[in-house]
Amino acid sequence: MEQLTPAKVTPADPPGGSAAEEEKRRGLRKMKMVALSFLLGATVIFLLTSWAEAAGWPAWVGYVRAAAEAGMVGALADWFAVTALFRHPLRIKIPHTAIIPNKKDALGSSLGDFVGSNFLSETVVREKLSRVEVSKRLGGWLAQPANAERVTSELATVVRAAVKVLRDEDVQAIMEQAVVKRIVDKPWGPPLGKILEGVFADGAHHKLVDLMCDRAYEWVRDNHTTMLRVVSDRAPSWSPKFVDEMLADKVYGEVLSFVWAVKTDVNHPMRLALDKFLGEFAQDLQTDPEVMARAEQVKSQMLGHDEVQKLIGSAWATAKEMLLNAAEDPSSELRRRVRTGLETLGGRLVSDDHIRSKVDTWVEGAAAYVVTHYSKEITTIITDTVEHWDAEETSRKIELQVGRDLQFIRINGTVVGALAGLVIYTVAQLLF
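Note that the structure is a prediction, hence the values are computed from the model and not measured. (Residues numbered from 1 in each chain as written. Predicted model: local features only at pLDDT ≥ 70, side-chain atom pairs only at ≥ 80, totals over all residues. Heavy atoms only, no water.)

*Asks:* For this particular structure, what's the right way to read the overall build of the protein chain?
*Replies:* On a plain count of helices and strands, the protein chain comes out with 19 helices and 0 strands. For the protein chain, with 432 residues in total, the buried portion stands at 27%. By element, 64% of the accessible surface of the protein chain is carried by carbon and sulfur atoms, the whole surface being about 29000 Å². (Helix = DSSP H or I, 4+ residues; strand = E, 2+ residues; numbered from the N terminus. Buried < 20%, exposed > 50% of the residue type's maximum accessible area, 1.4 Å probe, protein only. Areas by Shrake-Rupley, 256 points an atom, 1.4 Å probe, with all protein chains shown as cover.)

Below is the structure:
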């Protein structure tokens, strides 16, 4: 099978594209004409002075002819040198010409090595970042409400895109495997007992006990008839009805007094017994194998219930809808909190030297780690990109960028050559 080779690509045009490129092309053509005019001028002067010298003109003509001749040589030599960078002069394949097309890959490799050695070194990166003061600039930028809103909007866009890309069944599977399964596999007794122990020790459960006592008292108070019917139904069949009613009313009064006492007295023996029971229960959940086993049974029964399974199955759908709604609504609580948090972070980065120092240290460390471990991969981007460029097009692009300035070499070669020729001719006349 024929081996496929990667297609050559042309270097990307800079922003501004064709208009800027056309302007540079016109400037290059103009400078080439200026350099050529210097060569033509030297040639014309050389021809005229050669004729004048042959016609017997005064000796000064020789000085001008020598200067013009040397100027022609300098102009031609520098034209050859400049042209040889980009193409074969006069399309003659002279060795060591068309340097850029022929040495494109080597130049790309050298450029990559140069960037890696001089720009992607840990010392250079740390020094540059320390001068830039990234955290302070970032903080000042984030502290502005418009910028915080912009970042929040971009984050919301990212969240929306990420949530929409994720497939519901994949997320559901991940939740069941990574979250639900881990929760189910671990015993609930000891951690639940630890939590309850802390709650009971702090007395945070007292408000719940107060609520239960209040509701118990209200139920007894509002269900007098029910209480009488329950006592009457439990009385012997031979007991007179008025006796049953008296007994039921007495029991109701005692029960009502009892729940009232429990409700109003925070140190009631019933409350103290409940606190003791709850404390012992929290300890048993952590240490008693029987209680822990029963807690596992309750867990299994609860998680196996149809409603619980439906709740687990719909958790992602509910969370997804909440995230999308919050991300799309600029006035949502989520976006408001994110925006406020970004502004607060920006203000602290500006005013708090300690936090700013920590962030700068983190940024410098992260950048240093990247350039230390991945500088080769980064510079490979330069090398690979240059290798895939078309040689002729690359040469043309480079010439378009720097060729105008290189034409001054031709102009200078003409002028310097003429002066050098004049000096040499003068010295020769004086010596000989």
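The discussion continues.
*Asks:* Quick question: what am I supposed to make of the UniProt feature "transmembrane region" (unreviewed entry) in the protein chain here?
*Replies:* As annotated in UniProt, the feature "transmembrane region" (unreviewed entry) corresponds to residues 33-52, 64-86 and 411-431 in the numbering used here. Secondary structure over residues 64-86 splits into 100% helix and 0% strand, and the C-alpha atoms at its two ends are 34 Å apart. Helix makes up 100% of residues 411-431 and strand 0%, and the two end C-alpha atoms of the span are 30 Å apart. (UniProt positions renumbered as here; feature names shortened; annotations may be inferred.)

*Asks:* Whenever I open this one, unusual backbone geometry confuses me. Can you help?
*Replies:* In most cases, non-glycine residues show a negative phi, while peptide bonds are predominantly trans. Positive phi, normally seen in glycine, also occurs at Arg91, with a value near 60°. Relative to the helices and strands, Arg91 is located in the loop between helix H2 (60-86) and helix H3 (99-102). By relative accessible area, Arg91 is classed as exposed at 79%. Even without being a glycine, Ala98 presents a positive backbone phi close to 50°. As for its position among the elements, Ala98 is in the loop between H2 and H3.

*Asks:* Just checking my understanding: could you explain the packing of aromatic side chains for this structure?
*Replies:* When we look at a pair of aromatic rings, we describe it by the centre distance and by the angle of the planes. Overall, the coordinates contain 5 aromatic pairs when judged by the stated rule. A centroid spacing of 5.0 Å and a plane angle of 85° characterise the contact between Tyr63 and Tyr425, whose relative ring orientation is edge-to-face. Here the residue Tyr63 occupies a position in helix H2, and Tyr425 occupies one in helix H19 (residues 391-431), the gap between them amounting to 362 residues. The exposure class of Tyr63 is partly exposed, given its relative accessible area of 28%. Given a relative accessible area of 18%, Tyr425 falls into the buried group. For the pair Tyr217 and Trp260, a centre-to-centre distance of 5.1 Å together with 55° between the ring planes defines the contact as tilted. (Phe/Tyr/Trp six-rings, centres within 6.5 Å; stacked < 30°, edge-to-face > 60°.)

*Asks:* What exactly am I supposed to notice about the packing of helix H5 (residues 122-132) against helix H18 (residues 353-387) here?
*Replies:* Helices that pack against each other are described as a pair by the angle of their axes relative to one another and the distance between those axes. Contact geometry of H5 with H18 gives a least axis separation of 9 Å together with a crossing angle of 155°. When the interaxial angle is binned, H5 and H18 end up roughly antiparallel. The crossing of H5 and H18 is right-handed. Residues Glu122, Val125, Arg126, Leu129 and Ser130 of H5 form the contact with H18, whose own contacting residues are Val363, Glu364, Gly365, Ala367, Ala368, Val371 and Thr372. Grouping the amino acids of the contact of H5 with H18 by side-chain chemistry returns 6 nonpolar, 3 polar and 3 charged. (Axes fitted to C-alpha atoms, helices over the stretch in contact; angles between N-to-C directions. Parallel < 35°, antiparallel > 145°, perpendicular 65-115°, else oblique. Left-handed = near helix turned anticlockwise from the far one by under 90°. Contact = heavy atoms within 4.5 Å. Nonpolar A, V, L, I, M, F, W, Y, C, P; charged D, E, K, R; others polar.)

*Asks:* Quick question: what am I supposed to make of a nonpolar patch on the surface here?
*Replies:* A cluster of nonpolar side chains, namely Phe80, Leu90, Ile92 and Ile94, defines an oily patch on the protein surface of about 360 Å² accessible area. Relative to the helices and strands, Leu90 is located in the loop between H2 and H3. Exposure remark for Leu90: the relative accessible area of 65% places this residue in the exposed category. (Patch = residues over 30% accessible without salt bridge, like charges linked within 9 Å, V, L, I, M, F, W, Y side chains within 5 Å. Salt bridge = Lys/Arg side-chain N within 4 Å of Asp/Glu carboxyl O.)

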